[in-house]
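# Coordinate inspection notes
Listed below are the residues making up each chain.
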Amino acid sequence: EAQVTQNPRYLITVTGKKLTVTCSQNMNHEYMSWYRQDPGLGLRQIYYSMNVEVTDKGDVPEGYKVSRKEKRNFPLILESPSPNQTSLYFCASSPPYGELFFGEGSRLTVL
Amino acid sequence: DAKTTQPTSMDCAEGRAANLPCNHSTISGNEYVYWYRQIHSQGPQYIIHGLKNNETNEMASLIITEDRKSSTLILPHATLRDTAVYYCIVRPNAGNMLTFGGGTRLMVKP
């Protein structure tokens, strides 16, 4: 089954404790991206990647890092999480300029 | 800045057509219009997309104006399960900065 898998789905952590949210897709898509969703603000793009070793900033990249060492994986790294990074995070993938396939989301709470 | 403008919310009676408008007045020639919907806090789901011709699939129809500055998503017979937030976005044919905006919260009522 074609899917985008995110882990963890839920996480409560404390300020400053590094964490990684993994994202994996099994559709051989070149394009992958991360979004955060906050009440009243819709979906905002954090980072995206056009292919392996190619990443670019989206609208709200501050406080986040990404890497794309393999085509199927696109982890989101929070080196020093802060409470303003409490949010619902979505990973998505697509073929070039095609429809996006989204993961089920990862709800992160930073205390 | 969002490249699309949508009404914040709309209501529709069950069984009737839901017509969701979207303005994208700054759309350029190589940008596609995509529609997604999000039910509760699930991952957004693709509905339909188009460049300049009207499109129809099993879920919906997409009507794009001739000048491409606006479009309408039509759910022909809305059901309660169509209650969701609907996002209209424009996607360039080069580069992949995607801005979703706030979307339209569609409430289908019995």
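Since we're looking at a predicted model, the values are computed, not measured.

B:W35, B:L73, B:Y86 and B:L106 are the most contacted members of the largest nonpolar core, which totals 21 residues. Where this core is concerned, the elements lending two or more residues are β2 (18-23), β3 (32-38), β4 (45-50), β6 (61-64), β7 (70-75), β8 (84-91) and β9 (104-109) of chain B. Tallying contributions element by element places β8(B) first for this core, with four residues. Excluding residues that lie within four positions of it along the chain, B:L73 makes contacts with B:A18, B:N19, B:L20, B:W35, B:I47, B:I48, B:A60, B:S61 and B:Y86. Counting residues in hydrophobic clusters, the runner-up holds 19 residues, among them A:L19, A:M27, A:L76 and A:Y89.

Right, let's get into the state of the cysteines. Under the defined criterion, the tally for this structure stands at two disulfides over all chains. One disulfide in the model links A:C23 with A:C91; its S-S distance is 1.8 Å. Disulfide A:C23 to A:C91: torsion about the S-S bond roughly -75°, handedness left-handed. Remark: A:C91 occurs in strand β9 (residues 87-94) and A:C23 occurs in strand β3 (residues 19-25); sequence separation between them is 68 residues. A disulfide bridge connects B:C22 with B:C88, and the sulfur atoms are separated by 2.1 Å. Disulfide B:C22-B:C88: torsion about the S-S bond near -80°, hence left-handed. Pair noted here: B:C22 is in strand β2 and B:C88 is in strand β8, with a separation of 66 residues, a long-range link. By the burial criterion, B:C22 is buried, and B:C88 matches it. The thiol of B:C12 is unpaired, and the distance to the nearest cysteine sulfur, on B:C22, comes to 18 Å.

Turning next to a nonpolar patch on the surface. Taken together, the side chains of A:I12, A:V14 and A:L111 define a hydrophobic patch exposed on the protein surface, amounting to about 320 Å² of accessible area. Looking at the secondary structure, you find A:L111 in the segment after β11 (106-110).

Attention now goes to the sheet that holds strand β7 (residues 65-66) of chain A. Residue and element names in this part refer to chain A. Spatial ordering of the open sheet is given by β1-β3-β8-β7, a layout of four strands whose pairing is antiparallel. In the strand order of this sheet, the two ends are held by β1 (4-7) and β7, each with one partner. In this structure, β1 lies alongside β3, joined through four bridges in antiparallel fashion. Residue Q6 lies in a different strand from β3, and its bridge partner there is C23.

A separate point is the layout of surface pockets. Within this model, the largest pocket holds a volume of roughly 610 Å³. The wall of the largest pocket is formed by 32 residues, among which A:Q37, B:Q38, B:V85, B:Y87 and B:R105 lie closest to the centre. At the level of elements, β4 (31-38) and β9 of chain A together with β8 and β9 of chain B are the ones that each hand at least two residues to the lining of the largest pocket. No other element matches the four residues that β9(B) contributes to the lining of the largest pocket. Partitioning the lining of the largest pocket into residue classes produces 11 nonpolar, 17 polar and four charged. Taken as a whole, the second largest pocket holds about 370 Å³ of empty space. Around the second largest pocket sit 22 residues that line it, and A:V4, A:F101, A:F102, A:E104 and B:P44 are the ones nearest its centre. Counting only elements with at least two residues in the lining of the second largest pocket, the list comes to β1 and β10 (101-102) of chain A together with β3 and β4 of chain B. Across the lining of the second largest pocket, the residue classes tally to nine nonpolar, eight polar and five charged.

Residue and element names in this part refer to chain A. Here β11 shows one buried face, formed by S106, L108 and V110, and one open face, formed by R107 and T109. Of the pairings in the sheet, the one linking strand β2 (residues 10-13) to β11 comprises four bridges and is parallel in character. Across the sheet, the residue bridging to I12 is T109, located in β11.

Moving on, we get to the interface of chain A and chain B. Accessible area lost when the parts come together is the quantity often used to give the size of an interface. Between chain A and chain B, the contact holds 22 residues from the first and 21 residues from the second. Summed over both sides, the interface of chain A with chain B buries roughly 1,800 Å², with 52% coming from carbon and sulfur. Among the residues chain A hides against chain B, the three largest losses belong to A:L43, A:Y97 and A:E99. Together they make up 33% of the total. Inspection of the chain A/chain B interface yields zero salt bridges. Linking chain A to chain B there are six residue pairs in polar contact (both at pLDDT 80 or more). Here the side of chain A that touches chain B is composed, by residue class, of 10 nonpolar, seven polar and five charged.

Thresholds applied
Residues numbered from 1 in each chain as written. Chains lettered and ligands numbered in written order. Predicted model: local features only at pLDDT ≥ 70, side-chain atom pairs only at ≥ 80, totals over all residues. Heavy atoms only, no water. Core = buried A, V, L, I, M, F, W, Y, C linked by side-chain atoms within 4.5 Å. Buried < 20%, exposed > 50% of the residue type's maximum accessible area, 1.4 Å probe, protein only. Helix = DSSP H or I, 4+ residues; strand = E, 2+ residues; numbered from the N terminus. Contact = heavy atoms within 4.5 Å. Disulfide = S-S within 2.5 Å. Patch = residues over 30% accessible without salt bridge, like charges linked within 9 Å, V, L, I, M, F, W, Y side chains within 5 Å. Areas by Shrake-Rupley, 256 points an atom, 1.4 Å probe, with all protein chains shown as cover. Salt bridge = Lys/Arg side-chain N within 4 Å of Asp/Glu carboxyl O. Pairing = 2+ DSSP bridges. 1 Å grid on protein atoms, 1.4 Å probe; cavity = no way out; pocket = protein on both sides within 12 Å on 5 of 7 lines; lining within 4 Å. Points joined across faces, edges and corners; volume = space filled by probe spheres on them. Nonpolar A, V, L, I, M, F, W, Y, C, P; charged D, E, K, R; others polar. Buried area = accessible area lost by both parts, 1.4 Å probe. Polar contact = N/O pair within 3.5 Å; in protein donor to acceptor, adjacent residues only side chain to side chain.

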